[in-house]
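# Residue-level structural notes
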Amino acid sequence: MMARGPHSPPFRLDRSAFHIAVDMQLLFAEVTEWFVPWLPRVLPNVVAIARRHPDRTLLTRFIPPQQPEEATGAWRDYYVHWRGMTRDRLDPRLLELVEPLRALVPPARLLDKSVYSAFAHPGLAGALRRKGIETLIVTGGETDVCVAATVIAAIDLGFRVVLPADALCSGSDTTHDALMTLYRQRFTQQIETTSTERVLREWE
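A brief structural summary. (Residues numbered from 1 in each chain as written. Predicted model: local features only at pLDDT ≥ 70, side-chain atom pairs only at ≥ 80, totals over all residues. Heavy atoms only, no water.)

### Regarding the overall build of the protein chain
Counting its secondary structure elements, the protein chain contains seven helices and seven strands. Each helix (α) and strand (β) of the protein chain, taken in turn from the N terminus, gives the series β-α-α-β-α-β-α-β-α-β-β-α-β-α. In terms of C-alpha radius of gyration, the protein chain reaches 16 Å, essentially the compact-globule figure of 17 Å for 204 residues. With the principal axes as the frame, the protein chain shows a C-alpha extent of 45 × 40 × 35 Å. Across the 204 residues that make up the protein chain, the buried fraction comes to 49%. Taking the intrachain contacts of the protein chain between residues at least 6 apart in sequence as the baseline, contacts between residues at least 24 apart amount to 80%. (Helix = DSSP H or I, 4+ residues; strand = E, 2+ residues; numbered from the N terminus. Rg over C-alpha atoms; globule rule 2.2 N^0.38 Å. Buried < 20%, exposed > 50% of the residue type's maximum accessible area, 1.4 Å probe, protein only. Contact = heavy atoms within 4.5 Å.)

So, in structure tokens, the structure goes:
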């Protein structure tokens, strides 16, 4: 199945748009095994978008299991490798959102997940549809892991996706750039890559 095609006009940013900020947590902002060095660089842009409509913003948190044995299959193998990142080894404070995003809840909503995609939560897609949401503005990290999983799931569910490139971050420049190239070249009918400035200008 070929996903590429001619570029669509810019997606409308109106009452049908909703913001998902993915995993902007101390777990990735501080020096841990999962440290994302340039998270602080994109944080002001994520905050600016979240503050534009906090009541139309969802903030996700990635929550590891208490210990590897609680996970199944490849996830168990994953946490055997990342043993220091399970909850029995982590400072619980690291699971919290970074400030000032944490202070936006409420009216922003909080969603905890144990896997990469926000749409693993069974009620999320239906809740968005009931609110008339058609377009998702996705920010946060990592571009090539949890953001990627959330974006692909959103596409499969029929949402239009807007990605402000300067509000996304990753621990790897190489794979961040590769994913942005993928989004721009292979999903032109379903994804719009843009800037925080454009989102803030048009999402009134």
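What follows continues from the structure just given.
### Looking at the environment of V36
Within the secondary structure, V36 is located in the loop between helix 1 (26–29) and helix 2 (39–52). V36 gets classed as buried once you look at its relative accessible area, which sits at 1%. In sequence terms V36 and D77 are 41 residues apart; their C-alpha atoms lie 22 Å from each other. Among all residues touching V36, those that are not within four sequence positions of it are F28, E142, C169, S170 and G171.

### Some remarks on helix 6 (residues 173–186)
Think of an α-helix as 3.6 residues a turn; residues three or four steps apart then line up on the same face. Look at helix 6: 20 Å from first C-alpha to last across 14 residues, which is about the 20 Å you get at 1.5 Å a residue. Burial in helix 6 covers these residues: H176, L179, M180 and Y183. Taken down its axis, helix 6 places every buried residue within 100° of arc, on the same side. Pointing more than 90 degrees away from the buried face of helix 6 are the exposed residues T174 and Q185. Residues of helix 6 that are buried sit in contact with helix 5 (146–156), strand 5 (160–164), strand 6 (168–169) and strand 7 (191–194). (Expected span 1.5 Å × (residues − 1). Arc of directions from axis to C-beta.)

### Re the nonpolar core
Core analysis: the largest hydrophobic core is formed by 67 residues, its most contacted members being L101, F119, L136, V151 and Y183. Setting aside chain neighbours within four positions, we find L136 in contact with F18, I20, F119, L128, A154, F159, R160, V161 and V162. (Core = buried A, V, L, I, M, F, W, Y, C linked by side-chain atoms within 4.5 Å.)

### Some thoughts on helix 5
Of all 11 residues in helix 5, eight are buried; the element is thus mostly enclosed. Just beyond helix 5, the residue with positive phi is G158, at close to 95°.

### Quick word on the pattern of salt bridges
Tallying each qualifying case throughout the model produces 14 salt bridges. Between K113 and D23 there is a salt bridge; the shortest N-O distance is 2.9 Å. Placement of K113 in strand 3 (residues 109–113) and of D23 in the loop between strand 1 (17–22) and helix 1 is noted, with a sequence separation of 90 residues between them. For the pair K113 and D23, one class covers both residues: buried. When the shortest N-O distance is used, the salt bridge between R160 and E134 registers 3.4 Å. Linking R160 in strand 5 with E134 in the loop between helix 4 (124–130) and strand 4 (135–141), this pair joins segments that are 26 residues apart in sequence. Among the charged side chains, a network of salt bridges with common partners joins E192, E197, R198, R201 and E202. (Salt bridge = Lys/Arg side-chain N within 4 Å of Asp/Glu carboxyl O.)

### Overview of unusual backbone geometry
The residue after P106, namely P107, is reached through a cis peptide bond having omega 10°. Phi angles above zero are rare outside glycine, and D23 is one such case at about 55°.

### Looking at the packing of aromatic side chains
Under the defined criterion, the tally for this structure stands at 12 aromatic pairs. Plain terms: the ring middles of W34 and Y79 are 6.5 Å apart, the flat faces sit at 55° to each other, and that makes the pair tilted. Taken together, the positions of W34 in the loop between helix 1 and helix 2 and Y79 in helix 3 (residues 73–81) put the pair 45 residues apart, joining distant regions of the chain. On the basis of an interplanar angle of 25° and a centroid distance of 5.9 Å, the ring pair of F119 and F159 is categorised as stacked. With F119 in the loop between strand 3 and helix 4 and F159 in the loop between helix 5 and strand 5, this residue pair connects regions lying 40 residues apart in the sequence. Of the two residues, F119 and F159, both sit in the buried class. Among the aromatic residues, those joined into a ring-pair cluster are F28, W34, F62, W75, Y78, Y79, W82 and Y116. One cation-aromatic arrangement involves R129 over F159; the distance from NZ or CZ to the ring centre is 4.0 Å. (Phe/Tyr/Trp six-rings, centres within 6.5 Å; stacked < 30°, edge-to-face > 60°. Lys NZ or Arg CZ within 6 Å of the ring centre and 35° of its normal.)

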